[in-house]
Amino acid sequence: MRKRIVAGNWKMNTNIEQAVKLALDIKAQYKGSEVDVVLCPPFTNLYAVHRVIQDTTIKLGAQDLYWKDGGAYTGQISAGMLTSVGCQFVIIGHSERRQFFGETDESVNKKIKKALDYHLTPIVCVGEWLEQREANETETVVARQIRGALAGLDADDVAKLVIAYEPVWAIGTGKVATPAQAQDVHRFIRTLLAEMSGEATADGIRIQYGGSMKPDNAAELLAQPDIDGGLIGGASLKADSFLGIVNA
Ligand code: 13P
């Protein structure tokens, strides 16, 4: 049985005060659960949020990393920096990074390898654009992203990943994928992973859904057999809506 995982991607939201308050609110209202709960604030707020949640089971994740260990890479953040402030997870290949910051399947692959070197759990994001869905290219696009992201990884490494399926047309739009639409792609991803890394690995890997997930649509999405959690944007910025999804 796969343990569910719900992660809040705060994106470029919260200053230090807002981040600490949000983490404190979540901590105060969190009653514990069977689910892995992960908060992914902006880099500048990681350590402060770590201090708030370090005595709980809530875990910390970053929103990106660079694949070098260190050196003259102005503005970049390394895996070692992330572990040093308490991160256990890191989001890699979010569609916003692909769209606005030149992320490619190749850079995603390098980042995953570096994260694994540092025992960070990558949350690897894939998903199609609306035009691609309308052109019936969803599976082609997602397969290309998965194959590119996982190139050169053996089954033991693949088993350590979390995959997030985030259809781009559902992100921040209020247009959530139907449970059946999401389930279809999740099943497709699991079948692909089975081909690439074997049944056992594919069965164990957790695949989150992301895209306008809210407390009122979470339960039916999470009831699907291949949906193992959520990667939450907007609804993760308030303790009650985030925990509403955790408890769904
Ligand atoms: P929303 O929940 O705001 O649609 O964002 C989803 C997302 O991109 C999480 O990474």
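An account of the accompanying structure is given in this report. Just so you know, these numbers come straight off a predicted model, no measurement behind them. Each chain has its residues counted from 1, running along the sequence as written. Whole-chain, interface and lining totals are the exception, using all residues; otherwise, since this is a predicted model, local features are given only for residues with pLDDT of at least 70 and side-chain atom pairs are given and counted only at 80 or more. Only hydrogens and water are set aside when side-chain values are computed; all heavy atoms of the structure are taken into account.

**Here's the deal with the pattern of salt bridges**
Right, on to step 1. A pair is scored as a salt bridge if a Lys or Arg side-chain nitrogen falls within 4 Å of a carboxyl oxygen belonging to Asp or Glu. A complete count under the given rule lists 19 salt bridges for this structure.
Right, on to step 2. Across the salt bridge formed by Lys114 and Asp117, the nearest N and O atoms sit 3.7 Å from each other. Separated by 3 residues within a single helix, Lys114 and Asp117 lie in helix H5 (residues 105–117), roughly one turn from each other.
Right, on to step 3. Accessible area is worked out with a 1.4 Å probe on protein chains only. A residue is then buried under 20% of its type maximum, exposed over 50%, and partly exposed in between. In this structure Lys114 comes out as buried when scored by relative accessible area, which is 13%.
Right, on to step 4. Put simply, Asp228 and Arg190 hold a salt bridge, and the shortest N to O gap is 2.8 Å. Here Asp228, found in the loop between helix H11 (215–222) and strand S8 (229–232), pairs with Arg190, found in helix H9 (residues 179–197); they are 38 residues apart in sequence, far enough to count as distant.
Right, on to step 5. We classify Asp228 as buried; its relative accessible area is 5%.
Right, on to step 6. What emerges from the salt-bridge pattern is a single network uniting Arg2, Arg187, Arg190, Asp226 and Asp228. Secondary structure is summarised from DSSP: a helix means a run of H or I of at least four residues, a strand means a run of E of at least two, and numbering begins at the N terminus for each.

**Details of the packing of helix H1 (residues 16–29) against helix H12 (residues 239–246)**
Right, on to step 1. Axis separation between H1 and H12 bottoms out at 9 Å; the angle between their running directions is 45 degrees. Taken together, the axis directions place H1 and H12 in an arrangement best described as oblique. Judged by the twist between their axes, the crossing of H1 over H12 is right-handed. Residues Leu22, Asp25, Ile26 and Gln29 of H1 pack against Ala239, Asp240, Phe242 and Leu243 of H12.
Right, on to step 2. Residue classes follow a fixed rule: Ala, Val, Leu, Ile, Met, Phe, Trp, Tyr, Cys and Pro count as nonpolar, while Asp, Glu, Lys and Arg count as charged, and any other residue, Gly among them, counts as polar. Classifying every residue of the contact of H1 with H12 gives 5 nonpolar, 1 polar and 2 charged. To obtain each axis, a line is fitted to C-alpha atoms, and for helices this fit is confined to the stretch in contact; angles are then taken between N-to-C directions over 0 to 180 degrees. Oblique is the label for any angle not covered by the other classes, which are roughly parallel (under 35 degrees), roughly antiparallel (over 145) and roughly perpendicular (65 to 115). The handedness criterion is simple: a crossing whose near helix is rotated anticlockwise from the far helix by less than a right angle is left-handed, and one whose near helix is rotated clockwise is right-handed. Note on contacts: a residue pair is in contact if any heavy atoms of the two residues lie within 4.5 Å.

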